[in-house]
Amino acid sequence: MLDFYSVIAELYEQFQDFDINKLPELWATFLDTEYKKSVATINEADSDFVRSEDRLALDLGCGTGSVTMALAEKGWQVIGVDNSAEMLEVAESKINYQIKDNSFVDNKDYLTETLKVKFVLQDILNLELKEQADLIYTSLDVFNHLDEEELLDVLRNSYTQLKDGGILIFDLHSLEYMQTDLGNNTYHSVTDDNVIIWENDFSESDLTNEAVITVFKKEADGRFKRESSSLLEYYHFPKLVIEYLEFLGMKVEYIKDTEFTDMWDSKRIFIKASKSL
C-alpha cells in the first residue's frame, strides 16, 4: 500500500472540512495573536520584542504549507517541516503562485526574500535544525498522527528547539470528534478529475481511528487510476499531555474562545506552553 500523503498530497486541500481561502489566515492570526499575548506578559516593558522582524516560527507537519505561507505574510520567518516530499512539492509550488495585490506573482526569489519562508524535508520525530524558534506550532491535529511515545519525543524535542521565553501551540482532536465525526463514517469528494473516498474505523478499546483513503485520479487518456492508503490517528488525553509539558518545566494553558470556536464547536482542543526565561 502506498504512503498516505503521497496519495493525498495533490488533493489534500480539496478534501478538508474548511474553506482553504480563509482558514490559513485564521490560523496565522490566531498564532500571531497568542504569541504576542504571551511575550507582552513576559516582556511588558519591551514592546520591540513583540515587533521584532527576526521572530522565527517552526511549522511542524506543515503539509502543503498554507498556514506556513499565511504566517510568513504577517512578517514572521517560518520554516515548514514535513516528512512527505509530495506534500512539500505542493507547498513549494505556492511560492510561484502567491497572490500579491490581487495579481499573480511568479518570482520565487522575490517571494522567498519578502516572506522569509522555507520548507525542509525532515521527520518531526528527529528534528535536526540549527535554528532555535520563538514559536513552534502544529495545525490541524498533527499530534493526533503520533502515538504516545512519538508525541512525548516531539514535545521534548520542541522544548529543546525553543528559545527561552518561546511558545509552543498545538491542537488535538477531542474524544467526541473522534467518536462521532470520524467514528465509523465514510466521506467522499467527487469532481470531473478525481474521486476521493475516506473510510473511518474508530476503536473504542484503544481510542484510535484508522482512516483508509481510496483515490481515483483521471489520467491523460481519460481512464482513472486507483490508489489506496491508510493512516492511524490516536486520541491523547489533554491532561496527560499537559502534565508532561509541566514536567519539562513549561507553563501550560488551554486556549479558549479562539477564532475557531464557532467553526469547530469545541471539537478541537488548543494548548499553549511557554518555556521559562
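Provided above is the structure to which this section pertains.
Our subject in this report is the structure included herewith. Keep in mind it's a predicted model, so treat the numbers as computed, not measured. (Residues numbered from 1 in each chain as written. Predicted model: local features only at pLDDT ≥ 70, side-chain atom pairs only at ≥ 80, totals over all residues. Heavy atoms only, no water.)

## Examining the packing of aromatic side chains
The final tally for this structure, using the stated rule, is seven aromatic pairs. Their ring planes at 50° and their centres at 5.0 Å tell us that Phe143 and Phe170 sit as a pair that is tilted. Of the two residues, Phe143 is situated in the loop between strand S6 (133–137) and helix H7 (148–161) and Phe170 in strand S7 (residues 162–173); the sequence distance between them amounts to 27 residues. Phe170 carries the same exposure label as Phe143, and that label is buried. Each ring, one from Tyr235 and one from Phe237, has its centre 5.0 Å from the other, and the planes form 80°; the classification is edge-to-face. With relative accessibility at 45%, the residue Phe237 sits in the partly exposed group. Following the ring pairs from residue to residue traces out a cluster consisting of Trp27, Phe30 and Phe270. The cationic tip of Lys275 hangs over the ring face of Tyr159; the distance from NZ or CZ to the ring centre is 4.5 Å. (Phe/Tyr/Trp six-rings, centres within 6.5 Å; stacked < 30°, edge-to-face > 60°. Helix = DSSP H or I, 4+ residues; strand = E, 2+ residues; numbered from the N terminus. Buried < 20%, exposed > 50% of the residue type's maximum accessible area, 1.4 Å probe, protein only. Lys NZ or Arg CZ within 6 Å of the ring centre and 35° of its normal.)

## What to know about the sheet that holds strand S1 (residues 56–60)
Here seven strands make up an open sheet; going across it, the order is S5-S2-S1-S6-S7-S13-S12 and the pairing mixed. Sheet topology places strand S5 (117–121) and strand S12 (250–254) at the edges, where each strand pairs with a single neighbour. Ignoring strand direction, the axes of neighbouring strands in this sheet form an average angle of 20°. Sheet topology places S7 next to strand S13 (residues 268–275); seven bridges connect them, and they run antiparallel. Bridged to Ile167 within S13 is Ser274. Across the face of the sheet, H7 comes into contact with S1, S6, S7, S12 and S13 while running at roughly 150° to S7. (Pairing = 2+ DSSP bridges. Axes fitted to C-alpha atoms, helices over the stretch in contact; angles between N-to-C directions. Contact = heavy atoms within 4.5 Å.)

## Looking at the sheet that holds strand S10 (residues 208–218)
As a general point, the strands of a sheet are linked pairwise by backbone hydrogen bonds and lie either parallel or antiparallel. Across the sheet, which stays open at both edges, the four strands sit in the order S8-S9-S10-S11 with antiparallel pairing between neighbours. Every interior strand has two partners, whereas the edge strands, strand S8 (186–190) and strand S11 (224–234), have only one. Shown here is a sheet whose adjacent strand axes are inclined to one another by a mean of 10°, direction ignored. When S10 meets S11, the two strands line up antiparallel, connected through 11 bridges. From the neighbouring strand, Thr208 faces S11, where its bridge partner is Tyr234. Those strands touched by helix H8 (residues 175–182) are S8, strand S9 (194–203), S10 and S11, and its axis lies near 125° from that of S9.

## Quick word on unusual backbone geometry
Not every positive phi belongs to a glycine, and Leu140 is a case in point at roughly 60°. With respect to the helices, strands and loops of the structure, Leu140 is situated in the loop between S6 and H7. For Leu140, a relative accessible area of 12% translates into the label buried.

## Quick notes on the nonpolar core
Phe143, Leu155, Leu168, Phe170, Leu245, Met250 and Ile271 are the most contacted members of the largest nonpolar core, which has 31 residues in total. Those elements that place two or more of their residues in this core are S1, strand S2 (77–82), S6, H7, S7, helix H9 (238–248), S12 and S13. Examining the composition of this core, we find that five residues originate from one element, H9, more than from any other. Apart from the residues lying within four places of it in its own chain, the contact partners of Met250 are Tyr159, Leu162, Leu168, Leu245, Ala273, Ser274 and Lys275. (Core = buried A, V, L, I, M, F, W, Y, C linked by side-chain atoms within 4.5 Å.)

## Concerning the environment of Ala72
Mapped onto the fold, Ala72 is located in helix H4 (residues 66–72). The class for Ala72 is buried, based on a relative accessible area of 3%. Here the alpha-carbon distance between Ala72 and Leu56, two residues 16 residues apart in the chain, equals 9.5 Å. Excluding residues within four positions of it along the chain, Ala72 makes contact with Val78, Leu115 and Val117.

## Comments concerning the pattern of salt bridges
This structure, assessed with the given rule, holds 15 salt bridges. The shortest N-O distance in the salt bridge between Glu131 and Lys118 comes to 3.4 Å. Residue Glu131 is found in the loop between S5 and S6, and its partner Lys118 is found in strand S5; the two are separated by 13 residues along the sequence. Look at Glu131 and you get partly exposed, because its relative accessible area is 28%. In this structure, the salt-bridge partner of Asp141 is Arg268, at a minimum N-O distance of 2.5 Å. Taken as a pair, Asp141 in the loop between S6 and H7 and Arg268 in strand S13 lie far apart in primary sequence, 127 residues in all. The pair formed by Asp141 and Arg268 is uniform in burial state, with each residue classed as buried. Through salt bridges with shared partners, one network takes in Asp32, Lys36 and Arg55. (Salt bridge = Lys/Arg side-chain N within 4 Å of Asp/Glu carboxyl O.)

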